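Below, each chain spelled out in residue letters.
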Amino acid sequence: MFKVDFIIFGQGLAGTSLAHSLDFKNKSYVIIDNCSTETSSFAAAGIYHPISFKRLLLAWKSNLLIPFAEDFYKKIELNLNTKFLKKHSLFRIFSSIEEQNNWYSKIDEPNFKNYISESNKELNNNSINFPYGYGKVSSAGRLNVSKYLLESRAHFIEKKSLRKENFEFSSIKKTNSGFSYKNINCAHLVFCEGQNYVKNPFFNYLPSKPSKGETIVIECDQFPELLINKGCFVYPLSKTNFLVGATYKHNDLSYRKSKEAREELISKLMNIGDFKFKIIQQKAGVRPTTYDRRPIVGNHPKINNMHILNGLGSKGVMFAPYFSNQLLAQIYEGKEIDSDVYVGRYSKKYFQELKQP
Ligand SMILES: Cc1cc2nc3c(=O)[nH]c(=O)nc-3n(C[C@H](O)[C@H](O)[C@H](O)COP(=O)(O)OP(=O)(O)OC[C@H]3O[C@@H](n4cnc5c(N)ncnc54)[C@H](O)[C@@H]3O)c2cc1C
């Protein structure tokens, strides 16, 4: 038997960020993960930005989440001597005169001032259509998620902190000082298993509204090397390769790459401009999304020191660092977890289900 502070189940964006947060606190851990590439994180485009374009609002807590996430990933880049984060401006092409008016009416509002501005020269590219103009968003960027996960995994393996295997829930036993799992004793367990939490016997009472997403990579020599959004995003991976995404579907939760998603993305792309391109890759994944679109963080309603960090939805890049930190602040400093994300918002449901015969 050996002893660690934490066992983390899952090494996606949630588990990886939690493990790095434990490194910052000099706490020990073992991660259990089957190292599948059929996960939400391996499908993620990795884009983050502070705007909810549908109604032109600031995305929830983005003023806190983005600087926190950027500092966090930069710190890890330094520790691992690598690069996976790139800051960008994002160009939003307006779909209507109403959207344009709304944008200009908000530019000088104190909340928006640091995030959106006027723009009129960057997209001067003959292939792009912008009859209603476009605006610029700052504080956006992209985490190369696969690189972040794989380089973190190499770090965890080097520290002997990662075990490649499927979870065996029946091997989790309560002990006087925490838990045992096979030959490991730990004080805390954290489940970071993405959409698979619906199969977790401890947390399957939690509601879930998973959403499948797909992206494509196109080869095109007519698109500018800029991050552009209109109905979908287009992100320059290189001078000629662009990542386009993403779709949202609730009725098909397979990892199958669909013709339907490909056609949806092509149609959105054609709405941005007239290009010749070739599709060279397609990816699919299932986002662990909740009904209220907020993460799920905190201790099990009955079992002390058994925690969950999940429900990152479509914003795993922004959410994972901040809420990993919040979970640890609750465990070590007794600080409250934000009530919007606290797992306790579903405790009533848990106790009601317990009562049912
Ligand atoms: C197409 C697409 C595009 C996206 N684009 C973006 C984006 O641009 N920006 C953004 O912020 N977010 C994006 N997301 C969302 C983002 O991917 C998720 O928020 C995030 O990946 C969730 O991470 P997670 O760690 O909770 O789950 P996962 O990534 O699913 O990680 C769970 C881990 O647990 C392991 N695991 C689960 N069950 C078991 C088991 N029984 N045994 C062993 N191991 C197990 C899995 O192998 C995996 O490693 C996108 C998602 C999709 C699908």
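Small disclaimer: the values here were computed from a predicted structure and weren't measured.

Colleague: Looking at this structure, how should I read the nonpolar core?
Modeller: Looking at soluble globular proteins, one finds that nonpolar side chains tend to be buried together. Of all hydrophobic cores here, the largest spans 44 residues; its most connected members are L13, L18, Y73, L143, Y148 and F323. Taken together, the elements giving at least two residues each to this core come down to β1 (2-9), α1 (13-24), β2 (29-33), α3 (62-80), α5 (145-158) and α7 (316-333). Broken down by element, the residue count for this core peaks at nine residues, all from α7. Each of domain 1 (2-43 + 146-209 + 291-355) and domain 2 (47-143) contributes no fewer than three residues to this core. With near-sequence residues (within four places) excluded, L13 lies in contact with S41, Y73, L143, V145, Y148, L149, L312, G316, V317 and A320. Core analysis: the next-biggest nonpolar cluster, separate from the first, contains 23 residues, V4, I32, M306 and Y350 among them.

Colleague: Explain unusual backbone geometry here, please?
Modeller: Here the amide bond leading from G245 into A246 is cis, since omega sits at -15 degrees, within 30 degrees of zero. As for its placement among the helices and strands, A246 is situated in the loop between β16 (241-245) and α6 (259-272). A positive phi angle, close to 65 degrees, is found at S139, a residue other than glycine. When you line up the elements, S139 lands in strand β8 (residues 134-143). One non-glycine residue, R293, adopts positive backbone phi at about 55 degrees. Along the polypeptide, R293 turns up in the loop between β17 (278-287) and β18 (296-299). A relative accessible area of 64% means that R293 is categorised as exposed.

Colleague: Sorry if this is basic, but what is going on with the domain arrangement of the chain here?
Modeller: Accessible area lost during the coming together of the parts is what is often quoted as the interface size. Each assigned domain of the chain is listed here: domain 1 (2-43 + 146-209 + 291-355), domain 2 (47-143) and domain 3 (211-286). Summing both sides of the interface, domain 1 and domain 3 together bury roughly 690 Å²; the carbon and sulfur share of this comes to 54%. Broken down residue by residue, the surface that domain 1 buries against domain 3 is led by E38, A43 and K209, which jointly contribute 55%. The interface formed by domain 1 and domain 3 holds zero salt bridges in total.

Colleague: Just to check I follow, could you spell out the site of the ligand for this structure?
Modeller: Every one of the 34 residues lining the ligand counts as a neighbour, but D33, N34, S41, N196 and G313 are closest to it. One of the backbone N or O atoms of L13 is found 3.1 Å from an oxygen atom in the ligand. Here the ligand loses 94% of its free accessible area of 1000 Å² to cover by the protein chains. Of all the elements in the fold, those that place two or more residues in the shell around the ligand are α1, α2 (40-43), β13 (211-219), β17 and α7. Partitioning the shell around the ligand into residue classes produces 11 nonpolar, 17 polar and six charged. Here the shell around the ligand spans two domains, and each of domain 1 (2-43 + 146-209 + 291-355) and domain 3 (211-286) adds at least three residues to it.

Thresholds applied
Residues numbered from 1 in each chain as written. Predicted model: local features only at pLDDT ≥ 70, side-chain atom pairs only at ≥ 80, totals over all residues. Heavy atoms only, no water. Core = buried A, V, L, I, M, F, W, Y, C linked by side-chain atoms within 4.5 Å. Buried < 20%, exposed > 50% of the residue type's maximum accessible area, 1.4 Å probe, protein only. Helix = DSSP H or I, 4+ residues; strand = E, 2+ residues; numbered from the N terminus. Domains from an automatic or database assignment. Contact = heavy atoms within 4.5 Å. Buried area = accessible area lost by both parts, 1.4 Å probe. Salt bridge = Lys/Arg side-chain N within 4 Å of Asp/Glu carboxyl O. Near = heavy atom within 4 Å. Polar contact = N/O pair within 3.5 Å; in protein donor to acceptor, adjacent residues only side chain to side chain. Areas by Shrake-Rupley, 256 points an atom, 1.4 Å probe, with all protein chains shown as cover. Nonpolar A, V, L, I, M, F, W, Y, C, P; charged D, E, K, R; others polar.

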